[in-house]
Amino acid sequence: NAGVTQTPKFRILKIGQSMTLQCTQDMNHNYMYWYRQDPGMGLKLIYYSVGAGITDKGEVPNGYNVSRSTTEDFPLRLELAAPSQTSVYFCASTPLGGRGAFFGQGTRLTVV
Amino acid sequence: QQQVKQSPQSLIVQKGGISIINCAYENTAFDYFPWYQQFPGKGPALLIAIRPDVSEKKEGRFTISFNKSAKQFSLHIMDSQPGDSATYFCAASSTGNQFYFGTGTSLTVIP
């Protein structure tokens, strides 16, 4: 039972570089989310998706983009990395009608 | 603004004691209130959750108390153990499944 899988686990980017954080879930969940976690700030929602082909902005979407071409995959794209994007990123999913979210192990990103 | 306010930021409890973490919210459309437990280097994991039609929910040593009129809810950990040392997040959501998280409480249980 893989659940929600995120890759990579760690990454160091230089300012201005781009990268994609990968997220895959094998539970056939409709809803998927991207959060960032900063010390003392809890988890902030970046983007979410209610199904393939449908995405919407969360609380802190600036500097990020997402796509949802399949039920399983929900990648997060950083186009021009900035130091303010240094954070731990979590992908999560919930089933339709369900409320408990399943989280991945996180990606620790440092922008220097 | 912070949709869900959580306190305290950190908590130290003796083994066997009761740990209490509090959360408050403003949006009356919220209808699901989960608590998550997070160990270092791991993602948050669902611990226990409550809906506003009940005032209390208990699962083992973990209890949620919910006060709808005050728009507050709390997590009580009875007989706290060193293995309970973790960061705890409260959250709230409404139909549409957008979750709003509190800022987290770092719990340390001293043997």
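A. Broad picture of the overall build of chain A. In terms of helices and strands, chain A carries 0 helices and 11 strands. Each helix and strand of chain A, ordered N terminal to C terminal, gives the series β-β-β-β-β-β-β-β-β-β-β. Each of the three principal axes of chain A carries a C-alpha extent, and together these read 40 × 25 × 25 Å. When each of the 112 residues of chain A is scored for burial, the buried share is 49%. Within chain A, counting contacts between residues at least 6 apart in sequence, those at least 24 apart form 53% of the total. Carbon and sulfur atoms make up 53% of the accessible area of chain A, which totals about 5,200 Å².

B. Inspection of the interface of chain A and chain B at higher detail. Listed by partner, the interface residues are 22 residues for chain A and 23 residues for chain B. It is Leu43, Arg99 and Phe103 of chain A in chain A that bury the most area against chain B; as a group they hold 35% of the surface buried on that side. Summed over the shared surface of chain A and chain B, the result is 0 salt bridges. Breaking the side of chain A that touches chain B down by element, the ones donating at least two residues are strand 4 (31-38), strand 5 (42-51) and strand 9 (87-94) of chain A.

C. A look at the sheet that holds strand 7 (residues 62-67) of chain B. Residues and elements named next belong to chain B. One open sheet accounts for 5 strands, arranged 1-3-8-7-6; its pairing is antiparallel. Edge positions in the open sheet fall to strand 1 (4-7) and strand 6 (56-59), since each of these has one partner strand only. The sheet shows a mean angle of 15° between the axes of neighbouring strands, direction not considered. Examined bridge by bridge, strand 7 and strand 8 (residues 72-77) share 6 bridges and lie antiparallel to one another. When the sheet's bridge partners are listed, Asn67 is paired in strand 8 with Gln72.

D. Just the side chain of His29 of chain A, in detail. Residue and element names in this part refer to chain A. Within the fold, His29 resides in the loop between strand 3 (19-25) and strand 4. A distance of 2.8 Å separates polar atoms of two side chains, one belonging to His29 and the other to Ser93. Excluding residues that lie within four positions of it along the chain, His29 makes contacts with Arg68, Thr71, Ser93, Thr94, Pro95 and Phe102.

E. View of the sheet that holds strand 1 (residues 4-7) of chain A. Residues and elements named next belong to chain A. With respect to topology, 4 strands assemble into an open sheet ordered 1-3-8-7, the strand pairing being antiparallel. Sheet topology places strand 1 and strand 7 (64-66) at the edges, where each strand pairs with a single neighbour. Along the sheet, successive strands turn relative to each other by an average axial angle of 20°, direction set aside. Taken together, the 3 bridges between strand 7 and strand 8 (residues 76-78) define a ladder with antiparallel strand orientation. Note on strand 8: the bridge partner recorded for Asn65 is Arg77.

Definitions and cut-offs
Residues numbered from 1 in each chain as written. Chains lettered and ligands numbered in written order. Predicted model: local features only at pLDDT ≥ 70, side-chain atom pairs only at ≥ 80, totals over all residues. Heavy atoms only, no water. Helix = DSSP H or I, 4+ residues; strand = E, 2+ residues; numbered from the N terminus. Buried < 20%, exposed > 50% of the residue type's maximum accessible area, 1.4 Å probe, protein only. Contact = heavy atoms within 4.5 Å. Areas by Shrake-Rupley, 256 points an atom, 1.4 Å probe, with all protein chains shown as cover. Buried area = accessible area lost by both parts, 1.4 Å probe. Salt bridge = Lys/Arg side-chain N within 4 Å of Asp/Glu carboxyl O. Pairing = 2+ DSSP bridges. Axes fitted to C-alpha atoms, helices over the stretch in contact; angles between N-to-C directions. Polar contact = N/O pair within 3.5 Å; in protein donor to acceptor, adjacent residues only side chain to side chain.

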